[in-house]
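Residue-level structural notes
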Amino acid sequence: MKYVTLNNTDIKVSRIALGTDVYGATLDEEKSFAMLDFYIGKGGTVIDTAAGYSDWIEGEKSRSEKLIGRWLDGKKRDSIVISTKGAFPYPETPNISRLSAEEIRADLEGSLKRLKTDYIDIYWLHRDDINKPVGEIMETLHSFVKEGKTRYIGMSNWTHERIE
């Protein structure tokens, strides 16, 4: 496995990350655990998930994070980089933004609980709402870093201009 340090961070990661969007949905727990064990065994370090992964399956929500939390239980947490995402619109209301400070915080707190960890290495916002002032969003995210709940923040599905 090859490794790289993420720009502007102290996080050294494997160049291959393991995406887990189907964990708990089309991939059951036994197979998911086997894949996670294999990946880590080969030197992989980055597990990418999201609060909404597998939510397209009716019933239980956040299956991927819950499954990873069960797998993480008792593992050496500091050797695994957890990347998760929040603030994604609910499947039943895909056009309604979820970027208020309360919604972002609820998603992060839920992820911490489901993943059974005290901190997230990289916490991403899964969607943007250009009608919401970016300063308000960033204040919320920076508060998580100050509180030690996440080491770094990121954005997914945002324009380059908006991120700047």
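Our subject is the structure listed above.
To start, this report covers the structure provided alongside it.

Reading the values: the criteria
- Per-chain numbering applies: the sequence of each chain, read as written, is numbered from 1 onward.
- Note on the predicted model: pLDDT of at least 70 is required for a residue's local features to be given, and 80 or more for side-chain atom pairs to be given and counted; whole-chain, interface and lining totals, by contrast, use all residues.
- Only hydrogens and water are set aside; all other atoms, that is, all heavy atoms of the structure, feed into the side-chain values.
- For two strands to pair, DSSP has to find at least two bridges joining them.
- Helix and strand assignments come from DSSP, with helices taken as H or I runs of at least 4 residues and strands as E runs of at least 2, each series counted from the N terminus.
- Axis definition: a line fit to C-alpha positions, over the contact stretch in the case of helices; interaxial angles, taken between N-to-C directions, run 0 to 180 degrees.
- Contacts are assigned to residue pairs that have any heavy atoms within 4.5 Å of one another.
- If you view a crossover with the strands going away from you and the path from the first strand over the helix to the second runs clockwise, you call it right-handed.
- Take the buried residues of types Ala, Val, Leu, Ile, Met, Phe, Trp, Tyr and Cys, join any two whose side-chain atoms come within 4.5 Å, and each joined set is a nonpolar core.
- The cut-offs for exposure are 20% and 50% of the maximum accessible area for each residue type, with area from a 1.4 Å probe on protein chains only; residues under the lower value are buried, those over the upper are exposed, and the others partly exposed.
- Put simply, a salt bridge is a Lys or Arg side-chain nitrogen that is within 4 Å of an Asp or Glu carboxyl oxygen.
- Put simply, a patch holds well-exposed residues, over 30% relative accessible area, that have no salt bridge, with like charges counted together within 9 Å and Val, Leu, Ile, Met, Phe, Trp or Tyr side chains within 5 Å.
- Shrake-Rupley sampling with a 1.4 Å probe provides the accessible areas, and residues are treated as covered by the protein chains on show and by no other component.
- Aromatic rings from Phe, Tyr and Trp, with only the six-membered ring used for Trp, were paired whenever their centres fell within 6.5 Å, and each pair was classed as stacked if the ring planes differed by under 30 degrees, edge-to-face if by over 60, and tilted otherwise.
- Put simply, a charge is over a ring when the Lys NZ or the Arg CZ is close to the ring centre, within 6 Å, and near the line of the ring normal, within 35 degrees.
- Nitrogen and oxygen atoms within 3.5 Å of one another constitute a polar contact, given that in protein one can donate a hydrogen and the other can accept it, and given that sequence-neighbouring residues count only through two side-chain atoms.

Okay, the sheet that holds strand β3 (residues 17-19) next. Spatially, the five strands line up as an open sheet ordered β3-β4-β5-β6-β7, and their pairing is parallel. Of all strands in the sheet, those with a lone pairing partner are β3 and β7 (150-155), marking the two edges. Taken over all neighbouring pairs, the strand axes of this sheet differ in orientation by 25° on average, direction set aside. The pairing of strand β5 (residues 81-86) with strand β6 (residues 120-125) spans four bridges and is classified as parallel. Directly across from Lys 85, in β6, lies its bridge partner Trp 124. Strands β3 and β4 (46-48) of the sheet are contacted by helix α1 (residues 29-41), whose axis makes an angle of about 170° with β3.

Quick look at the pairing of β7 now. Where β6 meets β7, five bridges bridge the pair, whose relative direction is parallel. Across the sheet, the residue bridging to Tyr 123 is Ile 153, located in β7. Once the chain exits β6 it traverses helix α4 (residues 134-147) before rejoining the sheet at β7, and the crossover so formed is right-handed.

Our next topic: the nonpolar core. Among the nonpolar cores identified, the biggest contains 31 residues, and Ile 47, Ile 104, Tyr 123, Leu 125 and Leu 141 are the most heavily contacted of them. Those elements giving two or more residues to this core turn out to be α1, β4, α2 (63-72), β5, α3 (101-115), β6 and α4. If sequence neighbours within four positions are ignored, Ile 104 has contacts with Ala 87, Arg 98, Leu 99, Tyr 123, Leu 125, Ile 137, Thr 140, Leu 141 and Phe 144.

A separate point is the pattern of salt bridges. Going through the model one piece at a time under the given rule, you end up with 13 salt bridges. Across the pair Glu 136 and Lys 132 runs a salt bridge, and its minimum N-O distance is 2.6 Å. Assessed through its relative accessible area of 39%, Glu 136 is described here as partly exposed. A network of salt bridges, in which partner residues are shared, links Asp 10, Arg 77, Asp 121 and Arg 151.

What follows concerns a nonpolar patch on the surface. On the surface, a cluster of nonpolar side chains totalling about 290 Å² of accessible area is made up of Met 1, Tyr 3 and Ile 16. Along the chain, the position of Met 1 falls in the segment before β1 (3-5).

On inspection of all chains with the given rule, the structure shows one aromatic pair. Between the NZ or CZ atom of Arg 77 and the centre of the ring of Tyr 119, over which it lies, the distance is 4.2 Å. The ring of Trp 158 has Arg 162 sitting right over it, with the charged end atom 5.3 Å from the ring centre.

Turning our attention to the environment of Ser 156. Its place among the elements puts Ser 156 in the loop between β7 and α5 (160-163). We classify Ser 156 as buried; its relative accessible area is 19%. Considered as a pair, Ser 156 and Trp 124 are 32 residues apart in the sequence and their alpha carbons are 6.4 Å apart. If we ignore the near neighbours within four places in the chain, the residues touching Ser 156 are Lys 85, Trp 124, Leu 125, His 126 and Arg 127. One polar contact links Ser 156 to Asn 157, side chain to side chain, over a distance of 3.3 Å.

Here we take up the pairing of β5. Among the six residues in β5, six count as buried, and that is most of the element. Burial of the side chains of β5 extends over both faces: Val 81, Ser 83 and Lys 85 are buried on one face and Ile 82, Thr 84 and Gly 86 on the other. Alignment of β4 against β5, held across three bridges, turns out to be parallel. Pairing of Val 46 across the sheet is with Val 81, part of β5. Of the crossover connections in this fold, the one passing from β4 over α2 to the parallel β5 is right-handed.

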